[in-house]
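Topology and contacts: notes
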Amino acid sequence: MLLLPQQPTQAQALAQLHTAPQLSGFSYSASAPSVPLALPDSARQAHLNRRLPLLAGGLVITYTGLTYGLGKAWYTGERSSFHWFDDFPEWKQMDKAGHFWGAFHESRGAVDMLRWAGLDDRKAIWYGGFVGFMLQSPIEILDGHDPEYGASATDLAANFLGSAGLIGQQLAWNEVRIMPKVSFHTTRYAAMRPNVLGRSFAERLLKDYNGQTYWLAFDVGAFMPTASRWPRWLQPAVGYSAQQMVYNDADANAALGLRAYRQYYLTLDVDLRRIPTRSKLLRRVFYVASIFHLPAPALEYNSRRGLVLHGLYY
């Protein structure tokens, strides 16, 4: 799915109408020069007629490809009749964090693409805001037919919260100020159970929760006075992960000398979207890359070793 940079707020757009050069009734933002900000109704409709079919076609193709790839990588065993399963106690809720992160960013991309297509802000937020929930939730059908899993009500709840988190921020601030992110590193645990935690790097990226860390980066500069010198690209972030999760069963883990535990992190994050550039390509690269936490020093707390300082954590 093609993701586009976030657009300026309506207040910023209106301010630019009085200062920016006019061209055939269009006003353009310096941060996104290819996207009209204040369009006449006829021009907005023309954009919708031309761009909306492109978005719909791209969404169908992308979602079909991702679902097919997921089915090949994850659902490799026998199938069963549809059933439900309460998996909330498993994996220290790392999978729930993944559902939240995925739904949030799918909704984020949908809202920004609908804005690009010419839909007004309010409709773009509400129509695009629940796209993440709608895209992620059918996965529960695949889970529901897997004899080792089952459809999960808490997965659906995490999907909903991800979309709702995006909608709430857009309605409150018309931008994202609290950004969910993820980072990943390989672990030794995947080799202990490769059929579940992954054999290849791509599979481990998806399956090995021991190597995943989920973050919330806070745009504190957005809450400060306009005169503040705090750089908005520099953001504090909190992270969550867990270790020694080869089996969900504590006794099976103990047989390997393992006992699962949680980890909490505090670090600084770089919001690439806030780095000035005239390059359209770089802006799009930064937009996509903003879903990942970049390697940085971090302070960790866990119940085993207390406080741990990492010179570079990812």
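Below: a short report on this structure. All values derive from a computational prediction rather than experimental measurement. (Residues numbered from 1 in each chain as written. Predicted model: local features only at pLDDT ≥ 70, side-chain atom pairs only at ≥ 80, totals over all residues. Heavy atoms only, no water.)

Moving on, we come to the overall build of the protein. In terms of helices and strands, the protein carries 11 helices and eight strands. Buried residues in the protein amount to 46% of all 314 residues. Summarising the internal contacts of the protein: among those between residues at least 6 apart in sequence, 68% fall at separations of at least 24. Just so you have it, the protein exposes about 16200 Å², and 65% of that area is on carbon and sulfur atoms. (Helix = DSSP H or I, 4+ residues; strand = E, 2+ residues; numbered from the N terminus. Buried < 20%, exposed > 50% of the residue type's maximum accessible area, 1.4 Å probe, protein only. Contact = heavy atoms within 4.5 Å. Areas by Shrake-Rupley, 256 points an atom, 1.4 Å probe, with all protein chains shown as cover.)

Another point: the environment of Gly 311. With respect to the element layout, Gly 311 can be found in strand E8 (residues 306-313). In this structure Gly 311 comes out as exposed when scored by relative accessible area, which is 61%. Linking Gly 311 and Pro 297, residues 14 residues apart in sequence, is a C-alpha distance of 4.7 Å. With residues near it in sequence (within four places) discarded, Gly 311 still touches Ala 296 and Pro 297.

Bringing the pairing of strand E7 (residues 296-302) into the picture now. With five bridges connecting them, strand E6 (residues 261-270) and E7 associate as antiparallel partners. What sits directly across from Leu 266, in E7, is Leu 299. In terms of strand pairing, E7 meets E8 through six bridges, oriented antiparallel. What sits directly across from Asn 302, in E8, is Gly 306. (Pairing = 2+ DSSP bridges.)

Overall, the coordinates contain 13 salt bridges when judged by the stated rule. In this structure, Asp 121 engages Arg 115 in a salt bridge whose closest nitrogen and oxygen atoms are separated by 2.8 Å. The pair formed by Asp 121 and Arg 115 is uniform in burial state, with each residue classed as buried. Among the charged side chains, a network of salt bridges with common partners joins Glu 175, Arg 177, Asp 219, Arg 232, Asp 271, Arg 273 and Arg 274. (Salt bridge = Lys/Arg side-chain N within 4 Å of Asp/Glu carboxyl O.)

This part takes up the side chain of Arg 177. Tracing the sequence through the fold places Arg 177 in the loop between helix H7 (153-173) and strand E3 (178-184). Looking at Arg 177, the relative accessible area reads 16%, which means it is buried. Within the structure, the side chain of Arg 177 is placed 2.8 Å from the side chain of Glu 175, a separation counted as a polar contact. Not counting chain neighbours up to four residues away, the residues in contact with Arg 177 comprise Gln 169, Ala 217, Phe 218, Asp 219, Ala 222 and Phe 223. (Polar contact = N/O pair within 3.5 Å; in protein donor to acceptor, adjacent residues only side chain to side chain.)

Counted under the stated rule, the structure contains 12 aromatic pairs. Centre to centre, the rings of Phe 184 and Phe 201 are 5.8 Å apart; their planes meet at 75 degrees, and the pair counts as edge-to-face. With a gap of 17 residues between them, Phe 184 in strand E3 and Phe 201 in helix H9 (residues 201-207) connect regions that are remote in the sequence. Owing to a relative accessible area of 52%, Phe 201 belongs among the exposed residues under this scheme. Grouped by ring-pair contacts, the aromatic residues Phe 130, Phe 133 and Phe 160 constitute a single cluster. One Lys or Arg, Arg 108, reaches over the ring of Tyr 287 and ends 4.0 Å from the middle of that ring. In this arrangement the basic side chain of Arg 177 is found over the ring face of Phe 223, its NZ or CZ atom lying 5.0 Å from the centre. (Phe/Tyr/Trp six-rings, centres within 6.5 Å; stacked < 30°, edge-to-face > 60°. Lys NZ or Arg CZ within 6 Å of the ring centre and 35° of its normal.)

This brings us to helix H11 (residues 280-289). Within an α-helix, residues lying three or four positions from one another point in the same direction, as the helix has 3.6 residues per turn. Taken together, the buried positions of H11 are occupied by Arg 283, Phe 286 and Tyr 287. Buried positions in H11, seen along its axis, are confined to an arc of 105 degrees and lie on one side of it. For H11, the capping residue at the N-terminal end is Ser 279, with a side-chain oxygen 3.4 Å from the backbone nitrogen of Leu 281. (Arc of directions from axis to C-beta.)

Attention now goes to the sheet that holds E3. A sheet is described by the order of its strands in space; here six strands give the open sequence E3-E4-E5-E6-E7-E8, paired in antiparallel fashion. Looking at which strands have only one partner, the edges of the open sheet turn out to be E3 and E8. Averaged over all adjacent pairs, the angle separating strand axes in this sheet is 25 degrees, with direction ignored. (Axes fitted to C-alpha atoms, helices over the stretch in contact; angles between N-to-C directions.)

We now examine the environment of Arg 50. Position of Arg 50 among the secondary structure elements: in helix H2 (residues 41-73). Arg 50 gets classed as partly exposed once you look at its relative accessible area, which sits at 48%. Expressed as a C-alpha distance, the spacing of Arg 50 and Gly 118, which sit 68 residues apart in the sequence, is 9.7 Å.

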